[in-house]
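Okay, here's what each chain looks like letter by letter:
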Amino acid sequence: MAWRFALMIDPAASDDPRTDYASTFSTVDPTAPALSVGELSTQRGDGIFESVGVIDGHAQEVQAHLDRLVHSAEICDLPVPQVEQWRQAVALAAEHCGPGESVIKLILSRGVEHGPAPTAWVTAAPAADFSKPRAAGVRVVTLDRGYASDVPARAPWLLLGAKTLSYAVNMAAIREAKRRGADDAIFVSSDGVVLEAPTASIILRFGDSFVTPAPTGGILQGTTQLSAFAWLEEQGLHTEYRDVHTPELSRADAAWLVSSVRLAAPISEIDGTPLPVDSEFTGRLNAYLLSPRD
Ligand code: PLP
């Protein structure tokens, strides 16, 4: 990985009145060790993160990512991030990204075991090349996430709805999808409600209506989905948050996996059933997602 930048952050309290947080940042060599062996992020995956897409040095949808970072911290009982401090850290990282597509990661860990404070850092690196899935689409299989759709309310300790560092299960789901001959997965609840992909939100088109599963606790609120819906609405198209049931997937007129760095990848097949790929529309959606957005 050709890292571009790494910054350790001394986390400030959410009500810190400073306007300039430069003194809380220390730039580190991204290829050198920077974390203690007692880090709970590495020992237990105990922390939260965000991946922000960057286009030609412009960090996309920063406020939506910071809002979700705060939301994840609240769910995980982590100290609430000082939003202005993180905004300045993202701006500094973006200055090091250069032309083309990059990714800035924000990480807030519970810190070192028995340590005094959380550990926080930001990295910048070139983005992977997603031009093929954006153009050719992705084949997906549905995978049971193993719990019913009422579990987020019944078991908040599962931290559903928080973007935690515990992504081993999400990565295992992608490996299982590949074993089944697909490229990616769509999680469904055990009672047949469509949730999200392991690293993306889902948008479906039924006629003139664009639908996404409601982020009511069990899934992440996707920043790319939010942005895509704003774009669709600007064009007078109808958008809707609602429960989507598994059998509806193969009846969609089109569908996409959307996320901050991949952007919109049309779904070309669900559980072996081909789905139409609207290349012209997907191209326009990705042109919008690749344009500077705040
Ligand atoms: N859902 C999950 C589980 C994700 O990991 C992601 C992104 O990584 C998303 C949805 C999409 O979120 P965003 O559009 O903010 O990248």
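Basis of the calculations
- Residues numbered from 1 in each chain as written.
- Predicted model: local features only at pLDDT ≥ 70, side-chain atom pairs only at ≥ 80, totals over all residues.
- Heavy atoms only, no water.
- Core = buried A, V, L, I, M, F, W, Y, C linked by side-chain atoms within 4.5 Å.
- Buried < 20%, exposed > 50% of the residue type's maximum accessible area, 1.4 Å probe, protein only.
- Helix = DSSP H or I, 4+ residues; strand = E, 2+ residues; numbered from the N terminus.
- Near = heavy atom within 4 Å.
- Polar contact = N/O pair within 3.5 Å; in protein donor to acceptor, adjacent residues only side chain to side chain.
- Nonpolar A, V, L, I, M, F, W, Y, C, P; charged D, E, K, R; others polar.
- Domains from an automatic or database assignment.
- Contact = heavy atoms within 4.5 Å.
- Buried area = accessible area lost by both parts, 1.4 Å probe.
- Salt bridge = Lys/Arg side-chain N within 4 Å of Asp/Glu carboxyl O.
- Expected span 1.5 Å × (residues − 1).
- Pairing = 2+ DSSP bridges.
- Axes fitted to C-alpha atoms, helices over the stretch in contact; angles between N-to-C directions.

J.: Sorry if this is basic, but what is going on with the nonpolar core here?
T.: Among the nonpolar cores identified, the biggest contains 29 residues, and Ile9, Ile48, Ala59, Trp86, Ile104, Leu106 and Val122 are the most heavily contacted of them. Looking at this core, the elements that each hand over two or more residues are strand 1 (5–9), strand 3 (47–55), helix 2 (62–75), helix 3 (83–95), strand 5 (101–109) and strand 6 (119–126). Element by element, the count of residues in this core is highest for helix 3, at 5 residues. In terms of nonpolar packing, the next biggest core, distinct from the first, is built from 20 residues, Ala197, Ile202, Ala255 and Ile270 among them.

J.: Quick question: what am I supposed to make of the site of the ligand here?
T.: What surrounds the ligand is a group of 17 residues, the closest being Lys163, Tyr167, Thr223, Thr224 and Ser260. Residue proline 198 places a main-chain N or O atom 3.5 Å away from an oxygen atom belonging to the ligand. The separation between an oxygen atom of the ligand and a polar main-chain atom of threonine 199 is 3.5 Å. Mapped onto the shell around the ligand, the elements with two or more residues apiece are helix 2, helix 7 (223–234) and strand 12 (254–259). Looking at the shell around the ligand residue by residue, the class counts come to 6 nonpolar, 8 polar and 3 charged.

J.: For this particular structure, what's the right way to read the domain arrangement of the protein chain?
T.: How big an interface is tends to be stated in terms of accessible area lost as the parts join. Splitting the protein chain by domain gives domain 1 (5–126) and domain 2 (131–289). Each partner contributes residues to the interface: domain 1 has 22 residues there, and domain 2 has 18 residues. Where domain 1 abuts domain 2, roughly 1600 Å² becomes buried across the two surfaces, and 61% of that area is made up of carbon and sulfur atoms. The largest share of the area that domain 1 buries against domain 2 comes from Phe49, Arg68 and Ile75, three residues that together contribute 36% of it. Along the contact surface separating domain 1 from domain 2 lie 1 salt bridge. Measuring nitrogen to oxygen at the nearest pair gives 2.7 Å for the salt bridge that ties glutamate 101 to arginine 134. Along the contact surface separating domain 1 from domain 2 lie 10 residue pairs in polar contact (both at pLDDT 80 or more). Contributing elements (two or more residues each) for the side of domain 1 that touches domain 2: helix 1 (40–44), strand 3, helix 2 and strand 5. Among the residues making up the side of domain 1 that touches domain 2, the classes are represented as 7 nonpolar, 9 polar and 6 charged.

J.: Looking at this model, I keep getting lost on helix 3. Mind explaining?
T.: One turn of an α-helix holds 3.6 residues; hence residues three or four places apart share an orientation. Spanning 13 residues, helix 3 covers 19 Å between terminal C-alpha atoms, matching the ideal 18 Å at 1.5 Å per step. Gln85, Trp86, Gln88, Ala89, Val90, Ala93 and Ala94 are the residues of helix 3 that are buried. In the core, the buried residues of helix 3 are packed alongside strand 1, strand 2 (25–27), strand 4 (58–59), helix 2, strand 5 and strand 6. Residue glutamine 82 occupies the N-cap position of helix 3, its side-chain oxygen lying 2.9 Å from the main-chain nitrogen of glutamate 84.

J.: Honestly, the sheet that holds strand 1 in this entry has me stumped. Any pointers?
T.: Strand pairing in a sheet is mediated by backbone hydrogen bonds. Such pairs are either parallel or antiparallel. In space, the 6 strands of this open sheet follow the order 2-1-6-5-3-4, with antiparallel pairing throughout. The two strands at the open ends of the sheet, each matched to only one other strand, are strand 2 and strand 4. Taken together, the 3 bridges between strand 1 and strand 2 define a ladder with antiparallel strand orientation. In the sheet register, isoleucine 9 faces strand 2, and the bridge partner there is phenylalanine 25. Along the sheet face, helix 2 touches strand 3, strand 4 and strand 5 and points at about 175° away from the line of strand 3.

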